[in-house]
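# Remarks on the overall topology
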Amino acid sequence: MQTLSDLKNQQIRLASRPVGLPTRDNWSVTTEPVDEPADGGVLVKTLYLSLDPAMRGWMNDAKSYIPPVGIGEVMRAGGIGEVVASKNPAFAVGDHVSAGLGVQEYCLIPEAGLKRSAIFKIDTRAGSPTQWLNVLGMPGMTGYFGLMDVGQPKPGETVVVSGAAGAVGQTVGQLAKIKGCRAVGIAGGQAKCDWVVNELGFDACIDYKAGNVRDGLKAHCPDGVDVYFDNVGGEILDHVLARINRKARIIICGAISQYNNTAPVQGPKNYLSLLVNRARMEGIVVFDYADRYPVAIAELAGYLKDGRMKSKEDVVSGLETFPEALLKLFNGENFGKLVLQVAR
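Residues numbered from 1 in each chain as written. Predicted model: local features only at pLDDT ≥ 70, side-chain atom pairs only at ≥ 80, totals over all residues. Heavy atoms only, no water.

### Section: the nonpolar core
Under the convention used in this document: For this analysis, a nonpolar core means a set of buried residues of the types Ala, Val, Leu, Ile, Met, Phe, Trp, Tyr and Cys, connected via side-chain atoms within 4.5 Å. Burial status follows relative accessibility: with a 1.4 Å probe on protein chains alone, a residue under 20% of its type maximum counts as buried, one over 50% as exposed, and anything between as partly exposed. Strands are runs of DSSP state E lasting at least 2 residues, helices are runs of H or I lasting at least 4, and numbering of each runs from the N terminus. Note on contacts: a residue pair qualifies if any of its non-hydrogen atoms lie within 4.5 Å across the two residues.
Leu136, Met141, Phe145, Val196 and Leu300 are the most contacted members of the largest nonpolar core, which has 46 residues in total. Mapped onto this core, the elements with two or more residues apiece are strand S3 (42-50), helix H3 (138-151), strand S8 (158-162), helix H4 (167-178), strand S9 (182-187), helix H5 (190-198), strand S11 (225-230) and helix H9 (293-306). Among the elements that line this core, the one with the most residues is H9, at seven residues. With near-sequence residues (within four places) excluded, leucine 300 lies in contact with Val135, Leu136, Gly140, Met141, Tyr144, Leu175 and Met309. The next biggest cluster of nonpolar side chains, apart from the first, holds 33 residues, and it includes Cys107, Ile109, Leu340 and Val342.

Structure, rendered in structure tokens:
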């Protein structure tokens with residue numbers, strides 16, 4: 001019978017800070033023994049990891065909403081795992097949990113680190129483990145609070161979301177429809193656009209790879225844009241700013257078009273549209289809403305159960321594939337929420 005002392009923990013660590021797109025040279029692979037948890041701690045076996053555009057920002061040595069990953073540290077990542085050893089009465093062996101596990105096979109969380117890791121038990125009856133990294137996880141929480149708290153959509157308004165086929169975008173568009181809005185997506189490729197409209201129920205989707213986003217917005221948002229949920233930044237943000245209505249709300253969630261630039265980040269050139277239209281642009285950092293996650297999870301789980309919301313994940317297998325899998329986010333290869341399956 002295999003014991004904890006027989007196990008080895010393979011880890012992916014940040015070896016150097018990337019310039020532009022990360023490469024395999026920016027990572028190192030280490031192997032360590034798996035230790036027993038001390039009193040109050042738990043040992044979690046990683047099942048799935050969430051791969052998110054924000055990870056690129058965490059690799060930079062720059063001031064942000066969260067400290068950067070240090071050189072030599074295990075790469076930061078949220079995930080779903082199974083408790084394999086516990087000396088904490090709140091967690092039993094076999095429990096499925098969500099936590100900041102890092103890019104590694106096992107995560108030892110001491111009692112003092114439980115809060116920092118944001119560990120909590122998940123109910124797999126409410127959603128599959130991968131759905132707990134998508135609609136019921138950080139992307140879903142980002143979409144929910146960004147749209148509902150910052151965007152404040154009203155029935156009949158037009159909501160536009162970029163990265164519509166991605167993790168956050170798919171939640172935003174579906175939630176906008178549920179709340180009685182018109183939902184227009186922007187995505188890359190005809191297959192993604194067809195899925196967004198035919199499967200998720202968006203009213204329209206603009207293929208930015210096919211040509212003119214400006215003309216697409218004019219055609220599909222004839223009455224202007226009331227809410228824009230921005231995941232990409234750059235030129236697309238400027239095109240949408242040209243179409244906003246008075247008192248429009250723009251949610252800045254991310255700027256994936258800018259993350260790997262070696263030149264300075266390109267800010268909005270058309271920002272005076274905010275002045276002309278008395279509009280508001282506001283950023284969303286999901287961690288600010290942590291105390292309200294249970295409310296959003298309960299609502300979104302209800303939509304999953306009754307079929308009003310769908311959840312698509314793009315699952316890549318193998319911890320060793322992490323360096324290449326992460327790049328799928330930045331070249332538009334992922335179709336749905338990108339997830340790395342660690343345990344096989």
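Following the structure, the description resumes.
### Things to note about H4
For an α-helix, 3.6 residues make a turn, and residues three or four places apart therefore share a direction. So the rule is basically this: The span one expects for a helix is its residue count, reduced by one, times 1.5 Å.
Relative to the 16 Å expected for twelve residues at 1.5 Å per residue, H4 spans 17 Å between its end C-alpha atoms, a close match to the ideal helical length. When you tally the buried positions in H4, you get ten out of twelve residues, the bulk of the element. The set of residues buried in H4 consists of Ala167, Val168, Gly169, Gln170, Thr171, Val172, Gly173, Gln174, Leu175 and Ala176. Phi for glycine 180, located one or two positions after H4, is positive at around 90°.

### Concerning the pairing of strand S4 (residues 78-86)
Counted only if it meets this: Two strands form a pair only when DSSP identifies at least two bridges running between them.
Two elements, S3 and S4, share seven bridges in a ladder whose sense is antiparallel. Opposite lysine 45, over in S4, you have glutamate 82 as the bridge partner.

### Here's the deal with the packing of H3 against H9
Where we set the bar: Fitting a line to C-alpha atoms yields each axis, with helices limited to the stretch in contact; the angle taken between N-to-C directions then spans 0 to 180 degrees. Here the word oblique covers every angle except those under 35 degrees (roughly parallel), over 145 (roughly antiparallel) and from 65 to 115 (roughly perpendicular). Amino acids outside the nonpolar list (Ala, Val, Leu, Ile, Met, Phe, Trp, Tyr, Cys, Pro) and the charged list (Asp, Glu, Lys, Arg) are all regarded as polar, and Gly is one of them.
It is the contact of H3 with H9, at a shortest axis distance of 10 Å, that shows an interaxial angle of 95°. Overall, the two elements H3 and H9 adopt an arrangement that is roughly perpendicular. For the pair H3 and H9, the contacting residues are Gly140, Met141, Tyr144 and Phe145 in the first and Tyr293, Ala296, Ile297, Glu299 and Leu300 in the second. Each residue belonging to the contact of H3 with H9 can be placed in one class, and the counts come to seven nonpolar, one polar and one charged.

### Details of the packing of H3 against H4
Heads up, the rule is: Take the far helix as the reference: if the near one is turned anticlockwise from it by less than a right angle, the crossing is left-handed, and if turned clockwise, right-handed.
Put simply, H3 and H4 touch, their axes get as near as 8 Å, and they point 45° apart. Accordingly, the angle class assigned to the pair H3 and H4 is oblique. Two packed elements cross with a definite hand, and for H3 against H4 that hand is right-handed. Touching Pro139, Gly140, Thr142, Gly143, Tyr144, Leu147 and Met148 of H3 are Ala167, Val168, Thr171, Val172, Leu175 and Ala176, all from H4.

### Some remarks on the pattern of salt bridges
Stated formally: Salt bridges are identified by distance alone: a Lys or Arg side-chain nitrogen within 4 Å of an Asp or Glu carboxyl oxygen.
Taken as a whole and assessed by the stated rule, the structure comprises 13 salt bridges. Its salt-bridge partner being lysine 179, residue glutamate 299 comes within 2.9 Å of it at the nearest N-O pair. Taken as a pair, glutamate 299 in helix H9 and lysine 179 in the loop between H4 and S9 lie far apart in primary sequence, 120 residues in all. Look at lysine 179 and you get partly exposed, because its relative accessible area is 25%. A salt bridge links aspartate 314 to lysine 328; the nearest nitrogen and oxygen atoms lie 3.4 Å apart. Of this pair, aspartate 314 sits in strand S14 (residues 313-317) while lysine 328 sits in the loop between helix H10 (322-327) and strand S15 (337-341); the two residues are 14 residues apart in sequence, bridging distant segments of the chain. Of the two residues, aspartate 314 and lysine 328, both sit in the buried class.

### Notes on unusual backbone geometry
Notably, alanine 118 is not glycine yet its phi reads approximately 55°, a positive angle. Positive phi, close to 45°, is recorded for glutamine 152, a residue that is not glycine. On the secondary structure map, glutamine 152 appears in the loop between H3 and S8.

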